[in-house]
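Descriptive structure summary
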Amino acid sequence: MNKARRRKDIMRTSVTWISASLAVLVLTSIFVFVFKRGAGTFSWSMLKDDYWSKNYLVAFGDVAANDFAPPDTDSEDEFFSRKFGFGLADSVDKENNQLMLVTTVSALSPLHEGTITTAGPDQGKVMAIPLNARIRRIDYLDQENNVKSTGLLGQDHSAEGAIERLEQEATAIREIYFQSTGGGIRGSIIATLMLIGLTLLFSLPLGISAAIYLHEVAPRNKVTDWIRAAVEMLAGVPSIIFGLMGVSMLFRVTNLFGITTQSVLLGSFTMTIMLLPLIMRQTEEALIVVPGSLRMASLSLGASTTQTIFKVVLPNALPGILSATLLSMSRIIGESAALIFTMGTAISDSPKISQGATTLAVHIWTVMAGEQPNFELATAISLLILVLVLGLNVTVKLLTYRINKKWQV
Amino acid sequence: MLAFKVENLNLWYEDNHALIDVSMDVPRNQVTALIGPSGCGKSTLLRCFNRMNDLIPKTKITGKILMKGDVEIRDPSVDVVKLRTDVGMVFQSPNPFPMSIFDNVAYGLRCQGIKDKKQLSATVERSLRQAALWDEVKDSLQRNALKLSGGQQQRLCIARAIALEPSVLLMDEPTSALDPIATAKIEDLMQSLKQMYTIVIVTHSMSQAARISDQTAFFLLGELIEAGPTAEIFQVPKDKRTEDYISGKFG
Ligand SMILES: Nc1ncnc2c1ncn2[C@@H]1O[C@H](COP(=O)(O)OP(=O)(O)OP(=O)(O)O)[C@@H](O)[C@H]1O
Ligand SMILES: [Mg+2]
């Protein structure tokens, strides 16, 4: 090998190396970024809380004062009511409004056993004042049995003042008016699951039977070749166009069910059409791997074509079909453009099939699109999405590896 | 008695004339060997007997194959599925289903809609015994069939085919993927199976044809050159080309 050739070789290898390491670098920085920014906000309560904060008026039936021991952690900012066994602290929200947050509730505190009096479906239910609840007003009885109020809407505007007054004057607590924290993503998680469920319900039977028809039943001719080509092309259509098609055409279909707005159902119809090419392709690939000799064996034993498909071909294509399912799930979780049009961008805490809702990805879009972008929440959701999508993809890789090993005889 | 009577059979794959005017008899309860150089149409003829050629698009067939004397097997009134339960097939390379040994043998019966457990296990045992595999697998019927050795797999495929109690067993080079010991086992097996079944076997081994078959048919480029009792074909071939092929001068 002469010198010039060697130099060229080295140059080529280094270019490959540089681009490869660039790719790895970008990937790692995305992860580091999302994990660093998102991990702080990510919590169990974020997963299970509502997004919208709600107002609650909770009655305690004039429960009398008692004597509770303050918690060991005595912090400067926290003020504890020995009479009723709970702590308060001052805080501010994003818009710099003053807040009074519940920081501790003792185990036997009467605050665990309030009754909701706000009108609505929850009226009359027992409710505990949750941690981080935003206390607006506390109504209590003083020594002369007069009803008095403290809290931001009452006489005192700081945690210290409110607790001090309760400790001096109160003999019983009558009612607490508070706001739940909000900022959670439970609704969007449910909406995502609903969308996944509905979409798979429609797209799997359609896609799998179409693939079976094309690969196992239909004769190989111009028409089926043409169908195949059309499906391939469908795979290349940008998702925003599917979204447009969803609102303009599929909307009429959901209209037949009496749905007049954007809805989870409309989103699932749109995703179904979007995912058909993926499912058909993956299923067909899974069918191709099943050796023809097995079909021959089955037919030669007097099995019908249908029996051959259901007893021999499909069971052996199952891992491939499973990976098609998992890939579809990860596509649904990651999709946003098509869903903004078809499911809307309004976050719903109790999503319904017939109403609009946001999936996790669209939730990010919504919290970032407002006047005050909530970057922390957005990265925390991104973290969840990344973990889910990555998990699904790794599972698919493992499955593929196992399939390949199985037929490597 | 004849199992099959082939009359003026022609077969085209598109414009490839693969079988040319073939007429021959396949006697019952005998082993008939089909021999000839590669590409002469042996497998094609074999697949005509259970109509597996139906699955290959763009094939055209003329002529007749009469089964048990009078039934034309390509007649519209003949149910292919039923025909294939009566004419079993064993392929060149073992192709057990990736399921348990038991399920492999019971497959054909279950496709017939037979669910009775007793009947199934009785048939599985009988078939495995006839295929000389029972003693080796009787304690592990639930094992995956792919875990068996190549020779065992091929005997399993034979058991699977005879579980349906066919009258004919078609075998396309059933021992070409096997070692001499496994081959000997399968050859022994064929000798005992011919008491109950008519066997048509394709083979490239002259010695195998001579050892196991009662009848031999020699093909060349789609044409049947000569057919008759094996002893005659091997000792006093009428056609020069048969003699050349048997003595290894070409092929
Ligand atoms: N599925 C098919 N489609 C088209 N042509 C085929 C097909 N199978 C066989 N042929 C053609 O028919 C002719 C006979 O083939 P066949 O497989 O019957 O030969 P063979 O005698 O079994 O050969 P071998 O000993 O190699 O197995 C060949 O020319 C072959 O190319
Ligand atoms: Mg052949």
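1. Examining the overall build of chain B
Within chain B, the regular secondary structure consists of ten helices and ten strands. Computed over the C-alpha atoms, the radius of gyration of chain B is 18 Å, within 12% of the 18 Å expected from 2.2 N^0.38 for a compact globule of 251 residues. Summarising its shape, the C-alpha atoms of chain B cover approximately 55 × 40 × 35 Å along the three principal directions. Looking at chain B as a whole, 55% of its 251 residues qualify as buried. Of the contacts formed within chain B by residues at least 6 apart in sequence, a portion of 67% connects residues at least 24 apart. Element-wise, carbon and sulfur atoms account for 50% of the exposed surface of chain B, whose accessible area totals about 11,100 Å². Separation between the mean location of the 30 positive side-chain charges and that of the 30 negative ones in chain B comes to 5 Å.

2. Some words on the site of ligand 1
All names here are of chain B. The environment of ligand 1 is formed by 14 residues, the closest being Ser 38, Gly 39, Ser 43, Thr 44 and His 204. Here Asn 16 contributes a side-chain N or O atom positioned 3.2 Å from an oxygen atom of ligand 1. Take Ser 38: an N or O atom from its side chain is 2.4 Å from an oxygen atom of ligand 1. Here ligand 1, which alone exposes 630 Å², has 65% of that area covered by the protein. Contributions of two or more residues to the shell around ligand 1 are made by strand E2 (16-27) and helix H1 (42-49). Tallying contributions element by element places H1 first for the shell around ligand 1, with four residues. Partitioned by chemical class, the residues of the shell around ligand 1 number four nonpolar, seven polar and three charged.

3. Topic: the domain arrangement of chain A
Taken as a whole, chain A is organised into domain 1 (53-179) and domain 2 (186-406). With centres defined by C-alpha atoms, the gap from domain 1 of chain A to domain 2 of chain A works out at 48 Å.

4. Quick look at a nonpolar patch on the surface
On the surface, Val 223, Trp 226 and Ile 227 of chain A cluster together to form a nonpolar patch covering roughly 340 Å² of accessible area. With respect to the helices and strands, Ile 227 of chain A occurs in helix H5 (residues 222-235).

5. A word on the pattern of salt bridges
Residue and element names in this part refer to chain A. Applying the stated criterion to the full structure yields 26 salt bridges over all chains. Among the ionic pairs, Asp 67 bridges to Arg 82, the shortest N-O distance being 3.5 Å. Taken together, the residues span a long stretch of sequence, with Asp 67 in the loop between strand E1 (55-64) and strand E2 (79-81) and Arg 82 in the loop between E2 and strand E3 (86-92) at a distance of 15 residues. Given a relative accessible area of 55%, Asp 67 falls into the exposed group. The shortest N-O distance in the salt bridge between Asp 225 and Arg 228 comes to 3.6 Å. Placement of both Asp 225 and Arg 228 in helix H5 is noted, with a separation of three residues, approximately one turn of the helix. Through salt bridges that share partners, Asp 156, Arg 165 and Glu 169 make up one connected network.

6. Some points on the nonpolar core
Counting residues in hydrophobic clusters, the biggest one holds 111 residues, and the most contacted among them are Leu 128 and Ile 158 of chain B. With eleven residues, the top contributor of residues to this core is helix H7 (residues 264-289) of chain A. Every residue in contact with Leu 128 of chain B, bar those within four places of it in the chain, is listed here: Ile 101, Val 105, Leu 133, Trp 134, Val 137, Leu 141, Leu 156 and Ala 159 of chain B. Judged by nonpolar contacts, the second largest core, of 34 residues, contains Leu 9, Ala 18, Leu 45 and Ile 73 of chain B.

7. Thoughts on helix H4 (residues 117-130) of chain B
All names here are of chain B. Between its first and last C-alpha atoms H4 spans 20 Å; for 14 residues at 1.5 Å apiece the expected length is 20 Å, and the two agree. When we look at burial in H4, the residues that qualify are Leu 120, Thr 123, Val 124, Ser 127, Leu 128 and Gln 130. The arc that holds the buried residues of H4, viewed along the axis, is 155°, so those residues lie on one side. Taken together, the buried residues of H4 touch helix H3 (101-111), helix H5 (134-137), helix H6 (150-162) and helix H7 (180-193). Looking one or two places after H4, you find Ala 132, whose phi comes out positive at around 55°.

Each value, and the rule that gives it
Residues numbered from 1 in each chain as written. Chains lettered and ligands numbered in written order. Predicted model: local features only at pLDDT ≥ 70, side-chain atom pairs only at ≥ 80, totals over all residues. Heavy atoms only, no water. Helix = DSSP H or I, 4+ residues; strand = E, 2+ residues; numbered from the N terminus. Rg over C-alpha atoms; globule rule 2.2 N^0.38 Å. Buried < 20%, exposed > 50% of the residue type's maximum accessible area, 1.4 Å probe, protein only. Contact = heavy atoms within 4.5 Å. Areas by Shrake-Rupley, 256 points an atom, 1.4 Å probe, with all protein chains shown as cover. Lys, Arg positive; Asp, Glu negative; His and termini not counted. Charge placed at Lys NZ, Arg CZ, Asp CG, Glu CD. Near = heavy atom within 4 Å. Polar contact = N/O pair within 3.5 Å; in protein donor to acceptor, adjacent residues only side chain to side chain. Nonpolar A, V, L, I, M, F, W, Y, C, P; charged D, E, K, R; others polar. Domains from an automatic or database assignment. Patch = residues over 30% accessible without salt bridge, like charges linked within 9 Å, V, L, I, M, F, W, Y side chains within 5 Å. Salt bridge = Lys/Arg side-chain N within 4 Å of Asp/Glu carboxyl O. Core = buried A, V, L, I, M, F, W, Y, C linked by side-chain atoms within 4.5 Å. Expected span 1.5 Å × (residues − 1). Arc of directions from axis to C-beta.

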